[in-house]
Structure formats: structure tokens, C-alpha cells
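# Coordinate analysis (summary)
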Amino acid sequence: MIAKTEEDFNGLKEIGKIVAAIRDELVQRTVPGITTKELDDIAGELFAKEGAVSAPKSEYDFPGYTCISVNDEVAHGIPGERVIQEGDIVNIDVSGSKNSYFADTGISFVVGEGEEVLTKICDVAKKAFEAGLIKAKPGSKKSGIGKAVFQTAKQHELTVIKNLTGHGIGRTIHEAPDHIYNYNDTSDDELLKDGMVIAFEPFISTLEEEVFQKNDGWTFATKKSYVAQIEHTIILTKNGPIIITE
């Protein structure tokens, strides 16, 4: 989507604020002993309260209001009876719509005290996001965002997941540009445009560079790596990026 009007900016900011608030509430509620289904039920109540709709549920018939991934799970984890434990790395991904505008956000974090490497990849994911954000400006090559992410991971002796990417968003949950890679793909040198709305989401990995899909048909996971993600929906402008899910 290219945001052009005041209505566009206000509509995007409204749904951005809603999904960010749901994300933050679920992070706060993620404590040892709670199930991922209990967390998802909270999200469902909050969506209803705000008059908003869960994007994965409405657009793809996903079996949950949110995607909650734990440990080896990287993305699209299905909420269920899994009990959160001390030291787990959890990713909460919240996307939704209101008045035909969409926003998407996610974050990985460690529950309580966990392995040092888990804290590290969460911190590096944030650094990678910040590095990529500097490159996210109209007129710049889209591939520059991925290059900054990959370089940040490499500087910390980590790597990235290459087969999960960011994407365009705005009037639907996934739209052009189809991919915002987390590495430097020089064949992907589309120029970023003023008003372009993107979901930018670095995935920082301890080892593997690809995920596989589990038999449930939804969940993406790794075999022997830990992964952390951070995601925000951003409107690109000549005066700098506007993060609507901060």
C-alpha cells in the first residue's frame, strides 16, 4: 500500500496502536504456568473490545487470534495447551485490521531467567531492526534493508533466517512488495517509495538459515537453532519512517 491521504495515515495508526497494545499485554501476561491458548484468548477479548479483527483468523482461517511460537518454533505457532516454562524463548505475533486497514507486529523475548544466548539473539534482533530502519527511506534500494540486517547479525557471530521475510501491508495483511529479505539480495533492488507501508521483521538465528514447516501445516521451526524476531509496521516518508506499532 502507498499511504497518501490523512485518512490513510490515521487508519493505519489506529490499527497499529491496537495490535501493539495487544502485543504488549500478551508479553506482560506471559509467565511460567500460563498456556499459549490462555494468552490467545486474552488477545481475542482485546480485539473484540477494540472493534478490530484478527488478521490470521479472518484472512487465512488460522486456528488462533495470534501466532505464539515457543523455543524451536520460529513463526506461526498455533496457540494450544502448551504450558510456558521459565527460560522459554517466546515469540508473540499480532496482526489485525480495522476499517479496512491492517498492521502487523511481533517480538521475541525470554520468560524469566534463560540461557545467555537467548537474551543475545533478542538484543541483536533489535539492533538489526534499528540498522535496517536507517535504510528504510524513499528512493533507497529495498535490498539495503536486508544487507544491514545480515551485517548486524554477522557482527555478533550470528546469522539470519532467509526463507522468512518482511512484506508489504496496509489494505491487506500481505501485499506488494512481496518480500523484504533479511540478507543482501541484489536481484531485489526495487526502490522504496514515499508512503509505502511495510512490515519489517528481522529473524536472527544462532545457526540455521532456513526454517521448515511442521506437520500441523502452519508452524515454522528449526532443528537445532534458536531464533529471535522483532517486527513493526512502518510507513516510509521523506521525513523519516513512521513506526505505527511501536
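Everything that follows concerns the structure shown earlier in this document.
Just so you know, these numbers come straight off a predicted model, no measurement behind them.

## With respect to the packing of helix 1 (residues 6–29) against helix 2 (residues 36–50)
Two numbers describe how helix 1 lies on helix 2: the axes approach to 10 Å, and their chain directions differ by 150°. As summarised for this structure, helix 1 and helix 2 are arranged roughly antiparallel, according to the angle between their axes. Remark: the crossing between helix 1 and helix 2 carries right-handed chirality. Residues I18, V19, I22, E25, L26 and R29 of helix 1 pack against L39, I42, A43, L46, F47 and E50 of helix 2. Residues that form the contact of helix 1 with helix 2 fall into these classes: 9 nonpolar, no polar and 3 charged.

## Points about helix 1
Compared with an ideal rise of 1.5 Å per residue, which puts 24 residues at 34 Å, helix 1 spans 35 Å between its outermost C-alpha atoms and is within 8% of the ideal. Three or more residues of helix 1 are buried, namely D8, G11, L12, I15, G16, I18, V19, A20, I22, R23 and L26.

## Digging into the nonpolar core
The biggest cluster of nonpolar side chains holds 32 residues, and the ones touching the most others in it are L12, I15, I22, L26, V90, I92 and V197. In terms of residue count, helix 1 provides more of this core than any other element does, 6 residues in total. Setting aside its immediate chain neighbours within four residues, L12 contacts M1, A3, Y101, F102, G170, V197, I235 and I244. Membership of the second largest hydrophobic core comes to 29 residues, among which are L133, A136, I198 and F200.

## A short note on the sheet that holds strand 11 (residues 212–213)
Here we have 3 strands laid out as an open sheet, ordered 3-12-11, and antiparallel in their pairing. Across the chains shown, the open sheet's two edge strands, defined by having one partner strand only, are strand 3 (73–75) and strand 11. Two strands pair when backbone bridges link them, and strand 3 and strand 12 (residues 220–221) are joined in this way by 2 bridges, in the antiparallel orientation. If you follow A75 over to strand 12, its bridge partner there is F220.

## Considerations on helix 5 (residues 143–155)
Taking 1.5 Å per residue as the helical rise, helix 5 with its 13 residues ought to reach 18 Å, and the 18 Å between its terminal C-alpha atoms agrees with that figure. Of the surrounding secondary structure, the elements contacted by the buried residues of helix 5 are helix 4 (116–135), strand 6 (159–160), strand 8 (175–180), strand 9 (197–200) and strand 10 (203–205). Just past helix 5, the residue E157 takes up positive phi, approximately 60°.

## Looking at the packing of aromatic side chains
For the structure shown, the criterion picks out 3 aromatic pairs. Measuring from ring centre to ring centre gives 5.1 Å for F62 and W218, while their planes differ by 90°; the resulting arrangement is edge-to-face. Of this pair, F62 sits in the loop between helix 3 (55–60) and strand 2 (67–70) while W218 sits in the loop between strand 11 and strand 12; the two residues are 156 residues apart in sequence, bridging distant segments of the chain. The exposure class of W218 is partly exposed, given its relative accessible area of 26%. Measuring from centroid to centroid gives 5.3 Å for Y181 and Y183, while their planes differ by 50°, and the two rings are tilted.

## Considerations on the environment of A48
Within the secondary structure layout, A48 lies in helix 2. Residue A48 is classed as exposed on the basis of its relative accessible area of 59%. With 71 residues separating them in the primary sequence, A48 and T119 have C-alpha atoms 33 Å apart.

## Observations concerning the pattern of salt bridges
Any two side chains of opposite charge can pair, given that their charged atoms come close. Taken as a whole, this structure holds 13 salt bridges when the rule is applied. With a closest N to O distance of 3.8 Å, E73 and K214 form a salt bridge. Here K214 lies in the loop between strand 11 and strand 12 and E73 lies in strand 3, a separation of 141 residues in the sequence. For K126, the salt bridge goes to E130, with nearest N and O atoms at 2.6 Å. Of this pair, K126 and E130 both sit in helix 4, 4 residues apart, which is roughly one turn of the helix. Each member of the salt-bridge network shares a partner with another, and the members are D72, E73, R82 and K214.

Cut-offs and rules
- Residues numbered from 1 in each chain as written.
- Predicted model: local features only at pLDDT ≥ 70, side-chain atom pairs only at ≥ 80, totals over all residues.
- Heavy atoms only, no water.
- Axes fitted to C-alpha atoms, helices over the stretch in contact; angles between N-to-C directions.
- Helix = DSSP H or I, 4+ residues; strand = E, 2+ residues; numbered from the N terminus.
- Parallel < 35°, antiparallel > 145°, perpendicular 65-115°, else oblique.
- Left-handed = near helix turned anticlockwise from the far one by under 90°.
- Contact = heavy atoms within 4.5 Å.
- Nonpolar A, V, L, I, M, F, W, Y, C, P; charged D, E, K, R; others polar.
- Expected span 1.5 Å × (residues − 1).
- Buried < 20%, exposed > 50% of the residue type's maximum accessible area, 1.4 Å probe, protein only.
- Core = buried A, V, L, I, M, F, W, Y, C linked by side-chain atoms within 4.5 Å.
- Pairing = 2+ DSSP bridges.
- Phe/Tyr/Trp six-rings, centres within 6.5 Å; stacked < 30°, edge-to-face > 60°.
- Salt bridge = Lys/Arg side-chain N within 4 Å of Asp/Glu carboxyl O.

Read these as geometric descriptors, not functional statements.
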